[in-house]
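What follows is each chain in one-letter form.
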Amino acid sequence: VGDVGSSRAECVTKLLQELNEHVAGKFVDEDISQVLEARPDFLDPFKLVIATQMSAGDLRMVAHKCAERSIPLLVTQCYGLVGTLRVLLNEHYVVESHPEHPFPDLRVLAPPAELVHFVKDRYSNLCELASADYAHIPYVAILLKAVGEWSAANNGQMPSSYQHKKELRSIIEKYRRPGVQADQNINEALTALNTALSLPSPSVSTRAVLESARERVTELAAWIHSHNTSKDGPDMSVRRKDLSFWLMAAAVNAFVNSEGKGMLPTNGAIPDMTTHTETYVALQQVYQAQAAADLSAVMAHLQHITMQESLSLDLIDHERLKIFCKNAQHIALLSYRSMEDEYETGLVKTSTITSALECIASRDRGHEKPCSTRNRIFHRR
């Protein structure tokens, strides 16, 4: 009761500060349009903006400011028991998606030269292996031997169909040695057969990102060169962050179209296998060496692109590029419709919805504000 007549902003700030001693806050009891006109950088320090009951004109202004600075904006409108919640974000880049069941990048159908040498050197003649060593052949070697045998019997082709996999399964089953009970590695090879024969080519969504990257780099580079006087401003910070992502994507795309021969960079990780520790470590080193070679090739493409666009290499560090290459199979770009799209293109009739909600609120208050027939669809009793 004591706060009747006081500013809502003041009261809310005071109540929030009572949560605990670590809560700090302040309020500005002014019209947002006047604040932004007098202080265009007012929103720069914010990590999140929530707009409530804001007029269309002010909302478009705030949305524009937030979009320029990549500040998430939540828009809420409440009319009695009816309300809306709108999320406004810029493009969001996903690099480390942490998929629950990632496919192993074993390259069985396109093995690196070092992997071929590794298998040939250690497992050229399986019949000569003692049973203990035979039971510890890593399943990737079993798959490579089976694919090689199938390919030799099919004019050098690579297995691709379901029927081919069935034939491979029969070959692997023949590798079971009588008297060897612990042939877990054979079972692992059979289990991995479906996933291990897929090549790490970009998915449709990933390919769309990669193929658009070079053009985006040119656009962002042109913007940065034309605004080099505002080097430390928030707009420049956002553009540099965007450019970092698109530079890495463009470099990976160049790799896919050249050294990768349609495949993404090797991620260097291998799953657990039933084998000797020394063998597993050596096999792991083979894949890590290939991943390092692929990373160097991607870095060379990146350097070439930055030179073409007269950009500085400090936009990308080696560790970030390594993470990008390791997760290239799962990168994604999430795009959101802007407020301008809703108002200007007519994709979403925001003004119509708002008008209808205002009509409902007016009737609930007992006023006789007329509602059009089109708006009455929102009014439910």
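Caption draft 1: Spotlight on the side chain of R177. Take R177: it is sitting in the loop between α7 (162-173) and α8 (184-196). Buried within the structure, R177 lacks any salt-bridge partner; D133 is the closest side chain of opposite charge, at an N-O distance of 8.5 Å. A distance of 3.0 Å separates a polar atom in the side chain of R177 from the backbone oxygen of L126. Leaving out residues up to four positions away in the same chain, R177 has contacts with L126, C127, L129, A130, S131 and Y134.

Caption draft 2: Spotlight on the nonpolar core. The biggest cluster of nonpolar side chains holds 38 residues, and the ones touching the most others in it are L106, V108, L143 and I172. Broken down by secondary-structure element, the contributors of at least two residues to this core are α4 (113-123), α6 (139-152), α7, α8 and α11 (277-308). A total of nine residues in this core trace back to one element, the largest contributor, which is α6. When residues no more than four places from it in sequence are discounted, the contact partners of L143 are V108, I172, A189, A192, L193 and A196. Among the nonpolar cores identified, the runner-up in size contains 37 residues, and A221, L243, L315 and F324 belong to it.

Caption draft 3: Here's a closer look at the sheet that holds strand β3 (residues 82-88). Strand order across the open sheet formed by three strands is β1-β2-β3, with mixed pairing between neighbours. Edge positions in the sheet fall to β1 (49-52) and β3, since each has one partner strand and no second. Within the sheet, the average angular offset between the axes of one strand and its neighbour, ignoring direction, is 15°. As paired elements, β1 and strand β2 (residues 73-79) share four bridges and run parallel to each other. When the sheet's bridge partners are listed, V49 is paired in β2 with L73. Contacts from helix α3 (residues 56-69) reach β1, β2 and β3, with the element oriented near 160° to β2.

Caption draft 4: View of empty space enclosed by the protein. All chains considered together, the criterion is met by one cavity of 30 Å³ or more. Taken as a whole, the largest cavity encloses approximately 50 Å³ of empty space. Broken down by secondary-structure element, the contributors of at least two residues to the lining of the largest cavity are α6 and α8. Per-element accounting of the lining of the largest cavity gives the leading share, three residues, to α6. Considering only residue class, the lining of the largest cavity consists of eight nonpolar, one polar and one charged.

Caption draft 5: The packing of aromatic side chains, seen in detail. Under the counting rule described, the total for this entry stands at five aromatic pairs. Both rings, one in Y93 and one in W246, keep their centres 6.0 Å apart while their planes meet at 85°; by these two values the pair is edge-to-face. Of this pair, Y93 sits in strand β4 (residues 92-94) while W246 sits in helix α10 (residues 234-256), and the two are 153 residues apart along the sequence. Where F245 meets W246, the ring centres are 5.1 Å apart and the plane angle is 85°; that geometry is what we call edge-to-face. Residue classification places F245 among the buried positions, given a relative accessible area of 4%. The exposure class assigned to W246 is buried, which follows from its relative accessible area of 0%. Taken together, the ring pairs connect Y93, F245, W246 and F324 into an aromatic cluster. A cation over a ring is seen here: R239 above W223, with NZ or CZ 4.4 Å from the ring centre.

Calculation criteria
- Residues numbered from 1 in each chain as written.
- Predicted model: local features only at pLDDT ≥ 70, side-chain atom pairs only at ≥ 80, totals over all residues.
- Heavy atoms only, no water.
- Helix = DSSP H or I, 4+ residues; strand = E, 2+ residues; numbered from the N terminus.
- Buried < 20%, exposed > 50% of the residue type's maximum accessible area, 1.4 Å probe, protein only.
- Lys, Arg positive; Asp, Glu negative; His and termini not counted.
- Salt bridge = Lys/Arg side-chain N within 4 Å of Asp/Glu carboxyl O.
- Polar contact = N/O pair within 3.5 Å; in protein donor to acceptor, adjacent residues only side chain to side chain.
- Contact = heavy atoms within 4.5 Å.
- Core = buried A, V, L, I, M, F, W, Y, C linked by side-chain atoms within 4.5 Å.
- Pairing = 2+ DSSP bridges.
- Axes fitted to C-alpha atoms, helices over the stretch in contact; angles between N-to-C directions.
- 1 Å grid on protein atoms, 1.4 Å probe; cavity = no way out; pocket = protein on both sides within 12 Å on 5 of 7 lines; lining within 4 Å.
- Points joined across faces, edges and corners; volume = space filled by probe spheres on them.
- Nonpolar A, V, L, I, M, F, W, Y, C, P; charged D, E, K, R; others polar.
- Phe/Tyr/Trp six-rings, centres within 6.5 Å; stacked < 30°, edge-to-face > 60°.
- Lys NZ or Arg CZ within 6 Å of the ring centre and 35° of its normal.

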